Amino acid sequence: MSTARGGFSSRMGFILAAAGSAVGLGNIWGFPTQTASNGGAAFVLVYLVLAFCLAYPAFMAELLIGRYGQANAVTSMEKISRSLWQKRFAFVVGFGGIVCVVLILSFYGILAGKMMSYAIEPVTSLLGLNDASSWLISQSVVRNLIFTALFMVLTIAIIRRGVEDGIEKWSKRLMPMLIGLLILLIIYVFTLEGAKEGFAAYLNPDISRVFEPDLLISALGQAFFSLSLGTSVMVIYGSYISKSENLVTLGAQVTLIDVSIAFLAGLLIIPSMYVAQAQGVAIFSDDGSLISGPNLVFDVLPTLFTGMGAIGLFVAFGFFVLMSIAALTSSISMLEGPVSFVVERHNVERKKATTFIGFGIFILSALIILNFDVLFGLVISLSTVYGQPLIAMLCCVFVGWIWQRSGVLEEIKQGNDSAEHSLFWKVWPWYTKFVCPSAIAIVFFHSL
Ligand code: PHE
C-alpha cells in the first residue's frame, strides 16, 4: 500500500520495478559478452549456480533491511543498529552503497546515451539523412554529451514523479515492451543462416573451464551487478513493499526473471554473432576467442544489421530500443538511491532533489566523457569490481551478525506466517552469516 513517503501499489508493481532495476545493460550486453569471452555454456552454468546460491541470499538481506526500516538505505540500517559503533557501521555501509550507485549511474548514463543514439540512427537512415546518421554512430564527444544528457533528462523526469506514479507506472509500461521485443528479435534471428551453430556454441558447456578462477570471478561480479546488489537500490525498493507481502517469494521471482532474461539475451546475441559470421563478418579475435565488449555491440551487430538490407534497419531499431529501455528501468532505480536519502534525511522536496542530484551525476558523466581514457575504466572498476561486492558483503555481515535473529524472523514473518518452519529459514540465516560473506570475500580478494 502507498504511504506518505510513497510505495508500490501492488505486488506486480514491485516485481516489475525490481526486475526493471535488475534487468539492464548487464543482462542484455554484459551477460552474453561475458559468456562469449568465458567459454560459452560453462559460464552460463556457473552464473546460474552463483546467482541462486550467492546473489539471491544477499539480495534477500538487502530487501529485508529496507522493508524493516521503511526508509532510505542509511536510515533503515541505522534503525536496526543498537550501539553507537553499529550505527556508524550502518552509515558507512548505507552511504557507501549510495556513493557506489552514483558512480555506476555516471558511466551507465554514457552507455545508455550511446544506445539511444544508435536507436535513432536507423530512423535517420530511413529518412535519407546520411550526415545525421554518420554523426549518430560516430565517436564524437559532443554526441556523447548530448545523448548522455538526454538519457539523464528521461531518468530525472520519471524519478521526479515518485514511486507509484514514476517508477511503478513506467516499469509496468516498459518491462512488457522489453520482453516482447527480446522475444521477437530472438525468433527473427533464429530464421537466419548460422543461428543454429551459435545456439549450439551457447548451450554446449566446456566443463573443464567451470572451476577456472577468472570465470568464477567474472560470473560472481556479473551476478551482483545484475541484481543491483551493494548499491542501496534493493534496500530502497524493499522499503516500498507492503508489509503484507511474502518477501521470500517475491525475491525469488525477481531473481528468476533476471536470470531468465539474461539467458534469453544470450539466445539473441550469441546466435546473432554466428549469423554475422555466415555473412562474412569476423567474430573471433586474434587469440581465437569470440569478440566481446564494446566491439560486439557497436561493430559486429551493426555490421550484421547493415548486411540484412532494408529489414536490418528495423532490426537495428528494435535492438537498440530494447537496450535503451533496459537501461532506463535500471537507471531510474539508481537515481532513486541518492534521491530517497536526500529527501528523507535532509528534508528536501523530491522534485528539487531529483533534478539537483541528476544534474550532478550528469556533470560526473561529462567529466568521464572528457577524460574518457583515464576515467571510464577506472570508475567502472571502482564501483562494480570493488564497491559492489564489498558493500554487498557488508550487508550480509550486517544482517548475519548485527541484526538480532528474532528481529530478522519477525520481519520475514510479515506476509509469510509460516516462515519459521520453512526451508528458507532453516538455511538462509547461517548461510548469510557465514557462507555469503566468506565466499564473496574469497572471490573478492582473489580478484585483487
Ligand atoms: N542491474 C543493472 C543491469 O544489469 C545495473 C544496476 C546496477 C542497476 C546497480 C542498479 C544498481 O544493468
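Below: a short report on this structure. Computed from a predicted model, the values in this text were never measured in an experiment.

### With respect to the overall build of the chain
Part 1: Looking only at helices and strands, the chain has 18 helices and zero strands in total.
Part 2: In terms of C-alpha radius of gyration, the chain reaches 21 Å, essentially the compact-globule figure of 22 Å for 448 residues.
Part 3: Taken along the three principal axes of its C-alpha coordinates, the chain extends 65 × 50 × 40 Å.
Part 4: Evaluated residue by residue, the chain yields a buried proportion of 57% over its 448 residues.
Part 5: Excluding contacts between residues fewer than 6 apart, the proportion of contacts in the chain whose partners are at least 24 apart in sequence is 81%.
Part 6: In the structure as shown, the chain presents an accessible area of about 17800 Å², 68% of it carried by carbon and sulfur atoms.
Part 7: Taking the 25 positively charged and 25 negatively charged side chains of the chain as two groups, their mean positions are separated by 13 Å.

### Things to note about the site of the ligand
Part 1: Looking at the ligand, there are 16 residues lining it, with A22, G26, Y108, F225 and S226 nearest.
Part 2: A distance of 3.1 Å separates a nitrogen atom of the ligand from a polar atom in the backbone of S21.
Part 3: Within the complex, the protein chains bury 100% of what would otherwise be the 330 Å² of accessible surface of the ligand.
Part 4: Mapped by element, the contributors of at least two residues to the shell around the ligand are helix 1 (11–22), helix 2 (25–37), helix 5 (84–126), helix 10 (213–226) and helix 14 (310–346).
Part 5: When grouped by side-chain class, the residues that make up the shell around the ligand number seven nonpolar, nine polar and no charged.

### Some details on the pattern of salt bridges
For side chains bearing opposite charge, pairing can occur when the charged atoms are close.
Part 1: Enumeration according to the criterion identifies 11 salt bridges in this entry.
Part 2: Its salt-bridge partner being E411, residue K243 comes within 2.9 Å of it at the nearest N-O pair. One end of the pair, K243, is in the loop between helix 11 (233–239) and helix 12 (247–278); the other, E411, is in helix 17 (residues 405–413), and 168 residues separate them in sequence.
Part 3: On the basis of relative accessible area, K243 is assigned to the partly exposed category, the value being 29%.

### Quick notes on the packing of helix 3 (residues 41–69) against helix 10
Part 1: For the pair helix 3 and helix 10, the least separation of the axes is 9 Å and the interaxial angle reads 55 degrees. Classed by the angle they form, the pair helix 3 and helix 10 counts as oblique. In the crossing of helix 3 with helix 10, the sense of the turn from one axis to the other is right-handed. Residues A42, F43, V46, Y47, L50, A51, L54 and A55 of helix 3 lie in contact with helix 10, whose contacting residues are L215, L216, S218, A219, L220, Q222, A223, F224 and S226.
Part 2: Considered class by class, the residues forming the contact of helix 3 with helix 10 number 14 nonpolar, three polar and no charged.

### Section: helix 3
Part 1: For helix 3, with 29 residues, the first-to-last C-alpha span of 40 Å sits near the 42 Å given by 1.5 Å per residue.
Part 2: A bend of about 40 degrees at A51 is the largest found in helix 3.
Part 3: Counting buried positions over the 29 residues of helix 3 gives 23, a clear majority of the element.
Part 4: In the stretch just after helix 3, Q70 is the one whose phi turns positive, near 50 degrees.

### Describing helix 2
Part 1: With 13 residues, helix 2 should cover 18 Å at 1.5 Å per step; its first-to-last C-alpha distance of 17 Å lies within 8% of that length.
Part 2: Maximum bend of helix 2: about 25 degrees, positioned at F31, with proline P32 one to four residues after it.
Part 3: In terms of residue burial, helix 2 counts as a mostly covered element, since 11 of its 13 residues are buried.
Part 4: Of all the residues in helix 2, the buried ones are L25, G26, N27, I28, W29, G30, F31, P32, T33, T35 and A36.
Part 5: Of the residues trailing helix 2, G39 is marked for its positive phi of about 80 degrees.

Conventions we followed
Residues numbered from 1 in each chain as written. Predicted model: local features only at pLDDT ≥ 70, side-chain atom pairs only at ≥ 80, totals over all residues. Heavy atoms only, no water. Helix = DSSP H or I, 4+ residues; strand = E, 2+ residues; numbered from the N terminus. Rg over C-alpha atoms; globule rule 2.2 N^0.38 Å. Buried < 20%, exposed > 50% of the residue type's maximum accessible area, 1.4 Å probe, protein only. Contact = heavy atoms within 4.5 Å. Areas by Shrake-Rupley, 256 points an atom, 1.4 Å probe, with all protein chains shown as cover. Lys, Arg positive; Asp, Glu negative; His and termini not counted. Charge placed at Lys NZ, Arg CZ, Asp CG, Glu CD. Near = heavy atom within 4 Å. Polar contact = N/O pair within 3.5 Å; in protein donor to acceptor, adjacent residues only side chain to side chain. Nonpolar A, V, L, I, M, F, W, Y, C, P; charged D, E, K, R; others polar. Salt bridge = Lys/Arg side-chain N within 4 Å of Asp/Glu carboxyl O. Axes fitted to C-alpha atoms, helices over the stretch in contact; angles between N-to-C directions. Parallel < 35°, antiparallel > 145°, perpendicular 65-115°, else oblique. Left-handed = near helix turned anticlockwise from the far one by under 90°. Expected span 1.5 Å × (residues − 1). Bend = angle between axes of the 7 residues up to and from the residue.

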